[in-house]
Amino acid sequence: MNKNILVISDNSYLLKAFINVVGELAINEQNHVRYVHTIHCENEMFRDVPEVYKNEPIDVKKEYDKIIDEKWDIIFSVHCKQLFPSKLVNSIRCINIHPGYNPYNRGWFPQVFSILNGYPLGATIHLIDEALDHGQIIDQKLINLEFWDTSLTAYNKILEVEIELLRKNILNIISGNIVSKHPMEEGNLNLKNDFNKLCKIDLNQEGTFGQFYDLLRALTHGSFKNAYFIDEASGKKVNISINIEVDEQ
Ligand code: 0FX
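Predicted model, so just to flag it, every value in this text is computed and none were measured. By convention here, each chain's residues receive numbers from 1 onward along its written sequence. Residues qualify for local features only when their pLDDT is at least 70, as the model is predicted, and side-chain atom pairs are given and counted only at 80 or more; totals for whole chains, interfaces and linings, by contrast, use all residues. By convention in this description, side-chain values take in all heavy atoms of the structure and omit both hydrogens and water.

Could you give me a rundown of unusual backbone geometry, with the residues and numbers involved?
What is expected of a backbone is that most residues other than glycine have negative phi and most peptide bonds are trans. Here Asn-102 and Pro-103 are connected by a cis peptide whose omega angle stands at 5 degrees. Each helix is a run of H or I in the DSSP string that is no shorter than four residues. Each strand is a run of E no shorter than two, and both are numbered from the N terminus. Within the element layout of this structure, Pro-103 appears in the loop between β4 (93-98) and β5 (106-107). Positive phi, close to 55 degrees, is recorded for Ala-26, a residue that is not glycine. Its identity is not glycine, yet Phe-109 carries a phi of approximately 40 degrees, on the positive side. Turning to its location among the elements, Phe-109 is positioned in the loop between β5 and α6 (110-117).

If you want it as structure tokens, here you go:
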């Protein structure tokens, strides 16, 4: 195949999985693959990933002309925190591996919003166009969201599906043997600020207990301090998450 492939990732777990898939399928034997992260994440996160740790972080927004001049055949965005500029996506075939089921809940932390609005959740591999998580779809797969899933448990399922889709499609993507299709509709988009707004809990908000349960499990993700309220008496910030345990019969 002999292609020049640039992989830009700000997610060390997925990047390691990507490198494993490249090794398993011997892609690195016939192609040149370079791995980098952006200025939006810490180099330390990649300490145990020498393929990227030794490379300088890049700023896609400022360095896209240089990237275009380097004449990559394909660029993979593997949870890259920077939106690719139009000139870049119009010059090089750019592919995104996205932790959501496009076009639903495109953008920030799709599982958080799917728990709340019930839209489909999964993973998608798609061509990158000028809008966020918007380009033609190469492949995608749904995950089953259980009533007891939190953001974390849903996210862990998504990561495994992203890796499965990558393994299934990467050779065809590299050889150009893909059929991509436009999403059926525009869907919806959530930004970081939409997530931040959810995190501030209004103790006077009215609703059913089910709605509060959904909000808290949507914001429960390991040690992240997402949901909070400010205690009026002390002025202290109180962080909330929930613990859900299901009895297996
Ligand atoms: O890399 P990633 O899993 O994905 C995010 C976006 O969801 C995705 O649409 C975008 N393409 C990509 C570039 O960035 O994000 P992360 O590693 O920052 O976070 C992973 C999960 O951790 C997230 O889905 C929810 C949880 N999380 C993360 C942060 C930073 C929280 O619950 N709270 C947080 O403050």
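Continuing now.
Could you give an account of the pattern of salt bridges, with specific residues and numbers?
Throughout this description, the term salt bridge denotes a Lys or Arg side-chain nitrogen within 4 Å of a carboxyl oxygen of Asp or Glu. Per the stated rule, a full pass over the model turns up 10 salt bridges. Across the salt bridge formed by Lys-66 and Glu-70, the nearest N and O atoms sit 3.7 Å from each other. Where Glu-164 meets Lys-141, a salt bridge forms, and the shortest distance between an N and an O atom there is 2.8 Å. You can see Glu-164 sitting in helix α7 (residues 151-175) and its partner Lys-141 sitting in strand β7 (residues 137-142), a full 23 residues away along the chain. Residue Lys-141 is classed as partly exposed on the basis of its relative accessible area, which comes to 34%. Only protein chains enter the accessibility calculation, which uses a 1.4 Å probe; a residue is then buried when its area is under 20% of its type maximum, exposed when over 50%, and partly exposed in between.

Could you give me a rundown of the domain arrangement of the chain, with the residues and numbers involved?
Quite often, the size of an interface is put as the accessible area lost when its parts meet. Throughout the structure description, domain borders are defined by an automatic or database domain assignment. Domain annotation for the chain reports domain 1 (4-190) and domain 2 (192-240). Inter-centroid distance (C-alpha atoms) of domain 1 to domain 2 is 29 Å. Taken together, the 17 residues of domain 1 in the interface contact 13 residues of domain 2. Values labelled buried area give the accessible surface lost by two parts on being combined, using a 1.4 Å probe and summing over both. The contact between domain 1 and domain 2 buries some 1300 Å² in all, and 69% of this surface belongs to carbon and sulfur atoms. The largest share of the area that domain 1 buries against domain 2 comes from Trp-108, Leu-116 and Phe-147, three residues that together contribute 34% of it. Residue contacts are defined here by distance: any two heavy atoms, one from each residue, within 4.5 Å place the two residues in contact.

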